[in-house]
Amino acid sequence: MAKKNTAEAEDLNLMNIVNRQFDKAAQHLSYPPGLLEQIKVCNNVYYVQFPVKFGKEYRMFEGWRAEHSHHKKPLKGGIRYSRMVDQHEIMALAAMMTYKCAIANVPFGGSKGGVKLTPREYSPEQLEKITRRFTSELIKKNFIGPGVNVPAPDYGTGEREMSWMADTYDAFHPGGLDNMACVTGKPVSQGGIRGRREATGLGTVYGLREFLRHKEDAKTAGLSGSLEGKKISIQGFGNVGFWTAKILHNEDQAKIVAIGEWDGTLHNSTGIDINALEAWKAEKGTIKDFPGCKHTPKGTDSLEVACDILIPAALENQINRDNMHKIKARVIAEAANGPTTTEAEALLLSKGVVILPDIYMNSGGVTVSYFEWTKNLSHMRYGRLEKRLDEAKRESLVRATEDLVGKQYLTDLRRKLVRGMDEVDLVHSGLEETMITAYNEISEVIKRVKKVNDHRTAAYISAIEKIATSYMELGIFP
């Protein structure tokens with residue numbers, strides 16, 4: 001008789017994982033149990049089944065919108081389209097948004113939404129019908145609005161879907177002055193903001209730069225210096241993974257030694273030319289057969305590459321019991337939501353791997369969404385008032401310097417020195433400041449709280465303290 005396998009299956013439920021991470025941090029705090037429970041639980045969940053007519057056929061779809069915390073208003077969180085969407089996932093992602101906003105000092109409560117579907121199985125016209133109908137269902141129950149709940153793009157959605165949602169909301173609220181602030185992640189022509197597209201990837205890079213600037217923190221991972229020359233493997237070449245790779249390659253001169261996608265992993269120990277790969281994928285629709293690289297069939301192969309920094313930028317539970325012993329990175333920078341399971345994290349931390357958590361590393365998206373929301377409320381493009389004044393001041397300073405030394409700057413350098421700050425410059429500056437401040441607060445928790453030496457627990461403590469303070473100041477928990 002074959003021996004029965006008694007090993008328990010690994011718990012991959014994201015809601016359970018997030019709750020365990022919360023509990024691990026909460027045990028270091030002395031707030032009343034009722035207050036901690038209020039911070040932890042999801043306040044509201046709206047589940048809807050709705051029909052959409054395609055020709056003579058009707059199809060039913062399932063959708064969710066979870067509101068995790070109302071300690072700040074409005075609530076904020078993406079809408080994802082995926083066959084994997086379910087209520088537990090949406091609730092977990094809404095909770096993570098609450099903590100993410102608190103860590104980034106963005107004044108939103110956390111929310112998340114989703115529709116169970118595979119986008120590539122539908123035409124653009126069908127997706128538009130689905131999106132508009134789902135938006136109308138959210139409107140009926142007051143789960144969307146500039147001062148209530150503000151969706152954004154997520155897995156399977158983008159600028160196009162946000163435009164459809166905004167237009168639908170506007171049709172239901174004619175004449176509303178702030179209607180375009182009902183969603184973020186819109187095209188710039190529809191009230192979006194420059195810098196939103198690359199925000200999550202850029203925020204990941206800013207987080208890595210700040211980690212390396214803290215020499216003692218970097219030393220724990222056996223790293224020093226800047227990102228230049230560091231070997232980096234990235235799982236995912238969608239929006240987040242692409243921008244992370246592109247910025248690291250072009251601005252930081254890092255070596256991207258592996259890129260994993262749904263159709264396999266590219267390997268090159270001397271570094272992949274990300275700009276050439278971008279053009280290749282745009283033409284071919286795949287990363288396969290990219291010249292100068294070895295190709296292996298699984299996208300998860302990128303997780304097991306020997307590197308200094310591993311960046312999972314795909315889906316949750318990618319680093320788990322099955323591959324945790326094969327991870328060779330010194331630092332894991334979580335650009336995706338929930339990529340590391342509880343069991344895998346415990347093992348990796350015991351081996352001295354530094355994990356920079358998702359609730360910090362991928363907060364760039366919600367940070368720039370906040371900038372877009374405030375832009376929509378003010379009805380003014382960032383930089384419009386001050387750009388020319390800033391340019392005039394810079395020009396005067398450059399001329400004074402040239403007169404003083406009797407020489408002129410080279411043309412390209414002079415152009416850079418006198419150029420005034422535009423919207424994208426201000427957005428990038430605000431994002432960098434956000435990531436620096438948040439990292440310093442997380443690092444301060446590690447120094448202040450005894451027996452806390454990992455970044456995830458410190459990040460949760462930082463978030464819980466801010467949310468608890470907000471509730472107590474509201475008078476809910478005197």
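Treat the numbers as computed from the prediction; the structure is a model and nothing was measured.

Basis of the calculations
Residues numbered from 1 in each chain as written. Predicted model: local features only at pLDDT ≥ 70, side-chain atom pairs only at ≥ 80, totals over all residues. Heavy atoms only, no water. Buried < 20%, exposed > 50% of the residue type's maximum accessible area, 1.4 Å probe, protein only. Helix = DSSP H or I, 4+ residues; strand = E, 2+ residues; numbered from the N terminus. Pairing = 2+ DSSP bridges. Right-handed = clockwise from strand over helix to strand, strands pointing away. Lys, Arg positive; Asp, Glu negative; His and termini not counted. Salt bridge = Lys/Arg side-chain N within 4 Å of Asp/Glu carboxyl O. Contact = heavy atoms within 4.5 Å. Axes fitted to C-alpha atoms, helices over the stretch in contact; angles between N-to-C directions.

Asks: Outline the pairing of strand E6 (residues 231-235), listing residues and values.
Replies: Burial within E6 is extensive, with four of its five residues counted as buried. With five bridges connecting them, E6 and strand E7 (residues 255-261) associate as parallel partners. The partner of Ile234 across the bridge, within E7, is Ile259. Running through helix H8 (residues 239-250), the crossover from E6 to the neighbouring parallel element E7 is right-handed.

Asks: Account for the side chain of Glu67, with residues named and values stated.
Replies: Secondary-structure assignment places Glu67 in strand E2 (residues 57-67). Despite its burial, Glu67 remains without a salt bridge, the nearest opposite charge being carried by Arg65 at 6.1 Å. Contact partners of Glu67, with chain neighbours within four places excluded, come to Cys42, Asn43, Asn44, Leu75, Gly110, Ser111, Phe143 and Asn149.

Asks: Describe the side chain of Asp263, and please don't skip the residues or the numbers.
Replies: With respect to the helices, strands and loops of the structure, Asp263 is situated in the loop between E7 and strand E8 (264-267). This buried residue, Asp263, is left without a salt bridge; Lys288 holds the nearest opposite charge, at 6.5 Å.

Asks: So what about the pattern of salt bridges? Which residues, and what values?
Replies: Evaluated as defined, the whole model comprises 39 salt bridges. Between Glu137 and Arg133 there is a salt bridge; the shortest N-O distance is 3.0 Å. Within this pair, Glu137 and its partner Arg133 are both found in helix H4 (residues 124-140), separated by four residues, close to a single helical turn. Since its relative accessible area comes to 27%, Arg133 is described here as partly exposed. One salt bridge connects Asp252 with Arg209, and the closest N-O pair in it is separated by 2.9 Å. In this pair, Asp252 is assigned in the loop between H8 and E7 and Arg209 in helix H6 (residues 199-213), connecting sequence segments 43 residues apart. Considered together, Asp252 and Arg209 belong to a single accessibility category, that of buried residues. Residues participating in the shared-partner salt-bridge network are Arg80, Glu89, Lys112, Asp154 and Glu316.

Asks: So, the sheet that holds strand E4 (residues 109-115): which residues are in play, and what are the values?
Replies: Within a beta sheet, neighbouring strands are joined by backbone hydrogen bonds and run either parallel or antiparallel to one another. A sheet is described by the order of its strands in space; here five strands give the open sequence E1-E2-E4-E3-E5, paired in mixed fashion. Both outer strands of the open sheet, strand E1 (44-54) and strand E5 (149-153), are each paired with one neighbouring strand and no more. Averaged over neighbouring strand pairs, the angle between their axes works out to 25° when direction is ignored. As defined by bridge partners, E1 adjoins E2 across eleven bridges and the pair is classed as antiparallel. Looking at E2, one finds that Gln49 is bridged to Glu62. With respect to the sheet, helix H3 (residues 87-103) is in contact with E1, E2, strand E3 (75-81) and E4, its orientation differing from that of E4 by roughly 150°.

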